[in-house]
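Here is how the chains run, residue by residue.
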Amino acid sequence: MPAVQPPCKVLVSGATGYIAAWVVQNLLERGYSVRGTARSVAKGEYLKKVFAPYGDKFEVVVVEDISQDGAFDEAVKGVDAIEHTASPFHMNAVDPDELIKPAVNGTVGMLKSVLKDESTKVKRVVITSSGAAVLREEPTQLTFTEADWNTQCLEVLKKFEDEGRKNEAPNMMKYRASKTLAERSAWEFVNDPENKLRIKWDLAVLNPPFVFGPAIHEITTPSSLNTSAATFYNYVADGTKANAAGNDFLANTGTCWIDVRDLAEAHALALEKEAAGGERIIVSGGLWKWQDFIDAANDLNPLPKLSTTLPVGIRGAGKTAKHLSIYNTAKADRILGLKYRSIAETTKDTFGDYEARGW
């Protein structure tokens, strides 16, 4: 399939989210027109103000519930490509279906809406999946590639369900199951023989790990940050919470990560690179432990003026810690040619964001 190029129009679902807002900005900077979805008119107003300099290149449409049949039917009309980022990510779900249903229904629903539009101009759909759909937890070090699927989380959920206590399954397993099942449903949809005869576009999937970095979506306090960014604030900026977690936790907790701006760049490249079509691509900037980011924060000169006291932990302890999960990013290197920000750069920019917000 031909790659997508500016000034094409791109639909970005869940545009008010942490990752999606950066995806929108990246696309606008490249010269694309962007249609973003929001759950309400009120939620879309903030983004209209942020992206006002781009004039009519940015528009917002309301999709109240992504899990409803036909939710994206109108939104997909007239666009040339789609970045589907809308999917719940939090650790508060009781019933696993609170995460699984909107993730799966939203993903399949988007693809159904594109297929249903007989006059569609869509050439490519890029879906934000996750490293959560790739990895599994083992006591030994493992390197994961795009050939790996997280079946472990599905097995754990089934075990709890068989025991009549599915709501007691670990929250991280509930989240991982939602990402695994949503991505699997997307590939099953495009590979279905009946659908294949009608599909005029191709699919690309990005699998990022933890996402950190500054925010441009609507937030007011640290407590309103999304899950990954809030966790970063709690353990890297808030000394009280970090110290309560303990030095051993700070030195040994962490896997792989990517800066949110690099992930936004990956989304654009996944549209533009012809070779990305039909591919599942892991994008990861490397390994981390909380101590690595804490060290970078304490190396800032001058130190940021925050309402919190920086944690210190045990300097350098993250560099000698054991990493059990590693991602092979050779495919991303080959197809996307993505360059990644360093821990130092992301920490500097994130703390600059905190300081600018008066936190």
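It should be noted that the structure appears before, not after, this text.
Residues numbered from 1 in each chain as written. Predicted model: local features only at pLDDT ≥ 70, side-chain atom pairs only at ≥ 80, totals over all residues. Heavy atoms only, no water.

Asks: Mind showing me how you'd approach the sheet that holds strand 5 (residues 124–128) here?
Replies: Sheets are built from strands that pair by backbone hydrogen bonding, the pairs being arranged parallel or antiparallel. If you trace the 7 strands from one edge of the open sheet to the other, you get 3-2-1-4-5-7-10, paired in parallel fashion. Two strands in the sheet have a free side with no partner beyond their single neighbour: strand 3 (58–62) and strand 10 (280–282). Put simply, the sheet's adjacent strands are angled 20° from each other on average, direction ignored. Sheet topology note: the strand 4 (residues 81–84)/strand 5 ladder contains 4 bridges and is parallel. Bridge pairing links I82 to V125 in strand 5. Against the sheet, helix 2 (residues 41–50) engages strand 2 (33–38) and strand 3, with an angle of about 170° to strand 3. In this fold helix 10 (residues 260–272) packs onto strand 1 (9–13), strand 4, strand 5 and strand 7 (202–207), with an angle of close to 155° to the strand it touches most, strand 5. (Pairing = 2+ DSSP bridges. Helix = DSSP H or I, 4+ residues; strand = E, 2+ residues; numbered from the N terminus. Axes fitted to C-alpha atoms, helices over the stretch in contact; angles between N-to-C directions. Contact = heavy atoms within 4.5 Å.)

Asks: What should I look at first to understand the pattern of salt bridges in this one?
Replies: Where charged atoms from two side chains of opposite charge approach closely, those side chains can pair. Counted by the stated rule, this structure contains 25 salt bridges. Note that R124 is salt-bridged to D202, the shortest N-O span being 2.9 Å. Remark: D202 occurs in strand 7 and R124 occurs in strand 5; sequence separation between them is 78 residues. As far as burial versus exposure is concerned, R124 and D202 are alike and both buried. Across the pair E137 and R176 runs a salt bridge whose closest N-O atoms are separated by 2.8 Å. Separated by 39 residues along the polypeptide, E137 in the loop between strand 5 and strand 6 (142–144) and R176 in helix 5 (residues 171–191) bring together distant segments of the chain. E137 sits in the partly exposed class, given a relative accessible area of 45%. Among the charged side chains, a network of salt bridges with common partners joins K159, E163, R165 and E168. (Salt bridge = Lys/Arg side-chain N within 4 Å of Asp/Glu carboxyl O. Buried < 20%, exposed > 50% of the residue type's maximum accessible area, 1.4 Å probe, protein only.)

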